[in-house]
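Below are the chains, spelled out letter by letter.
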Amino acid sequence: MRVGIFVDSLLEGPLSVKKYLTSLLYEFMYMSLHKVEFVLLLRKTIVDRPSFLLKRFKNVEVSGSLEAIKNVDILHIPDCGRQAPQIELLRKARHLNIPIIVTNHGMANIALHPNIVFGKSLTITLLNSMKELLKWRIVKYFLNIVITPSISEKHLVSKAINLSPERIVAIYHGVNHKLYKPIDKNKSREFLATKYGVVNEFILHVSIYQPKKNVERIIIAYAMLKKKIGIKEKLVIVGKHPKEKLLELSAKLGIEPRDIVFVGVVPEEDLPYFYSAAKVFVFPSLHESFGMPILEAMASECPVVTSNVFALSEIAGNAAILVNPYDIKEIAKAIYDVITDEELRKELVKLGLKRARNFTWEKCAREHLNVYLRVYQDDVR
């Protein structure tokens, strides 16, 4: 069985998709697979095969010609979401009678109001979103299986594009347990103090800014705790965020600039130190199709407060404090409960470690292989 996988997102694409595809391919490369070969495909024609791919994924073919799909038994397009797969590509594969599997990483544009997803610059973006949704409703007829990262997103996609749930398979992502693991807290604090100047106890949020990440409500909840109760913890925000805009909000709320620390983008290998040193990780997104950061926090022994909507409650299970992400008082109370109750923190750390162990990239890869085999053996053609 020759499986063709499009890997454009390794070269350019969202970080979450890169992480998914890189982890999946690594697991495939190190599995003892008999009679299974992989062909890594690029949508653009290339003169030289990318050294990046050859260096990291040995003993696989890399092709930048769409003609190469005629040499595969199954085609996997792993980088879809709001954007639908290319119709011409699907037509070509269908003409060659090649089964097609697509990974849909999430459709927040369907789950939430357009203002939340796209902000104020709506017109063109909203029209593009509607166009992609219409494309999904057309291309579904070319697809054998759609993979989603959670059961929650499976139901959302099924309803959005009117596709039978039987043709959608939910496969959870994994966690890099070699990177995200318990670290001595004193060591973590020393590291953060030296490299980032973070020296106080703190509440942590990690994301790349989007309106759905709910950062404004986190800041408002923090301001409530700061002004009404006088908590000593700082709020540390990691990732790319509109710092000036958020500092302006915090100033209006009466928060001193020194109380909110915008660290910016950090190397992934530094994230475990932030999780390890934090008193609580706060991630009350309005929509997530999976929610990788909460598992990375759990694997790093950090208590978690997250949303009770969409995939976050599904992934967190009983190992986090779940809140209504629209209720600022509820977010504030959950944060306060965790930072002031040592026994609760210990219990959440214990439950979180246990929960995170259920999510591995090896398990994810094996479930993908099961889908490939199921399609190859003609169960869903």
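Calculation notes
- Here the residue index of a chain counts from 1 through its sequence in written order.
- Per-residue local features are limited, in this predicted model, to residues with pLDDT of at least 70; the limit for side-chain atom pairs, both in listing and counting, is 80 or more; totals at the level of whole chains, interfaces and linings are taken over all residues.
- Side-chain descriptors were evaluated using all non-hydrogen atoms of the structure, hydrogens and water having been removed beforehand.
- A helix here means a DSSP run of H or I that spans at least four residues, while a strand means a run of E at least two residues long, and both kinds are numbered starting from the N terminus.
- Restricting the calculation to C-alpha atoms gives the radius of gyration, and the globule rule supplies 2.2 Å times the number of residues raised to the power 0.38.
- Only protein chains enter the area calculation, which uses a 1.4 Å probe; residues under 20% of their type maximum are buried, those over 50% are exposed, and those in between are partly exposed.
- Residue contacts are defined here by distance: any two heavy atoms, one from each residue, within 4.5 Å place the two residues in contact.
- A 1.4 Å probe and the Shrake-Rupley method give the accessible areas. Residues count as covered only by the protein chains that appear here.
- By this rule the span expected of a helix is its residue count minus one, scaled by 1.5 Å.
- Throughout this description, a polar contact denotes any pair of N or O atoms lying within 3.5 Å of each other; where both atoms belong to protein, one of them has to be capable of donating a hydrogen while the other can accept it, and for residues adjacent in sequence the pair is counted only when both atoms sit in side chains.
- An axis is simply a line fitted to the C-alpha atoms; with a helix, the fit covers only the stretch in contact. Between two such axes, the angle follows the N-to-C directions and lies from 0 to 180 degrees.
- Any angle that falls under 35 degrees is termed roughly parallel, while one over 145 is termed roughly antiparallel, one within 65 to 115 roughly perpendicular, and all others oblique.
- By convention, the crossing between two helices is left-handed when the near helix turns anticlockwise from the far helix through less than a right angle, and right-handed when the turn is clockwise.
- Each residue gets one label: Ala, Val, Leu, Ile, Met, Phe, Trp, Tyr, Cys and Pro are nonpolar, Asp, Glu, Lys and Arg are charged, and the others, such as Gly, are polar.
- In this description, strands pair whenever DSSP reports at least two bridges between them.
- One side-chain nitrogen of Lys or Arg within 4 Å of one carboxyl oxygen of Asp or Glu is enough to make a salt bridge.
- Here, the term nonpolar core denotes a set of buried Ala, Val, Leu, Ile, Met, Phe, Trp, Tyr and Cys residues that are joined through side-chain atoms within 4.5 Å.

Draft legend 1. Fine view of the overall build of the protein. Looking only at helices and strands, the protein has 17 helices and 13 strands in total. On C-alpha atoms alone, the protein measures out to a radius of gyration of 22 Å, which is about the 21 Å that the 2.2 N^0.38 rule sets for 381 residues. Each principal axis of the C-alpha distribution contributes one length, and for the protein these read about 65 × 45 × 40 Å. Taking all 381 residues of the protein together, 52% fall into the buried category. Residue pairs at least 24 apart in sequence account for 72% of intrachain contacts in the protein once pairs closer than 6 positions are excluded. Roughly 17,900 Å² of accessible area belongs to the protein as shown, and the carbon and sulfur atoms make up 52% of that amount.

Draft legend 2. View of helix α9 (residues 185-196). Here α9 spans 16 Å end to end across 12 residues, near enough to the 16 Å set by a 1.5 Å rise per residue. Structurally, the start of α9 carries an N-cap: the backbone nitrogen of asparagine 186 is 3.1 Å from a side-chain oxygen of aspartate 184. One or two residues past the end of α9 sits glycine 197, with phi positive at roughly 70°.

Draft legend 3. The arrangement of the packing of helix α10 (residues 215-228) against helix α11 (residues 243-252) in detail. Two elements in contact, α10 and α11, have axes whose closest approach is 10 Å; the angle formed by their N-to-C orientations is 30°. Classified by the angle between their axes, α10 and α11 sit roughly parallel to one another. When the axes of α10 and α11 are compared, the crossing they make is right-handed. When α10 is examined against α11, the residues Val215, Glu216 and Ile219 are found in contact with a partner set consisting of Lys245, Leu246, Leu249 and Ser250. Partitioned by chemical class, the residues of the contact of α10 with α11 number 4 nonpolar, 1 polar and 2 charged.

Draft legend 4. Structural view of the side chain of serine 285. Tracing the sequence through the fold places serine 285 in the loop between β11 (280-283) and α13 (292-299). Relative accessible area serves as the criterion here: at 0%, serine 285 is assigned to the buried category. Engagement of the side chain of serine 285 in a polar contact is seen with the side chain of glutamate 288, the distance being 2.9 Å. The residues contacting serine 285, other than those within four sequence positions of it, are Lys212, Lys213, Asn214, Ser307, Val309, Leu312 and Pro325.

Draft legend 5. Structural detail: the sheet that holds strand β13 (residues 321-323). Spatially, 6 strands are ordered β10-β9-β8-β11-β12-β13 in an open sheet, and the strand pairing comes out parallel. Of all the strands in the sheet, just β10 (260-264) and β13 have a single pairing partner and so form its edges. Neighbour-to-neighbour, the strand axes of this sheet turn through a mean angle of 25°, independent of strand direction. Summarising the sheet, strand β8 (residues 202-206) and β11 pair through 2 bridges and their orientation is parallel. Bridging from a neighbouring strand, leucine 204 pairs with phenylalanine 281 of β11. Docked against the sheet, α13 engages β11 and β12 (304-307), running at close to 175° with respect to β11.

Draft legend 6. Region of the structure containing the pattern of salt bridges. A complete count under the given rule lists 18 salt bridges for this structure. With a closest N to O distance of 2.7 Å, aspartate 270 and lysine 195 form a salt bridge. Remark: lysine 195 occurs in helix α9 and aspartate 270 occurs in the loop between β10 and α12 (271-277); sequence separation between them is 75 residues. Of the charged contacts, one joins aspartate 337 and lysine 333 as a salt bridge, the two residues approaching to 2.8 Å between their closest N and O atoms.

Draft legend 7. Up close: the nonpolar core. Core analysis: the biggest nonpolar cluster contains 65 residues, and Phe28, Leu204, Phe281 and Tyr372 have the highest contact counts within it. Take this core: its biggest share by element is 7 residues, from helix α17 (residues 361-376). Discounting chain neighbours no more than four positions away, the residues touching leucine 204 are Val236, Val238, Phe274, Tyr275, Ala278, Val280, Phe281 and Val282. Counting residues in hydrophobic clusters, the runner-up holds 30 residues, among them Leu75, Val102, Leu163 and Ile168.

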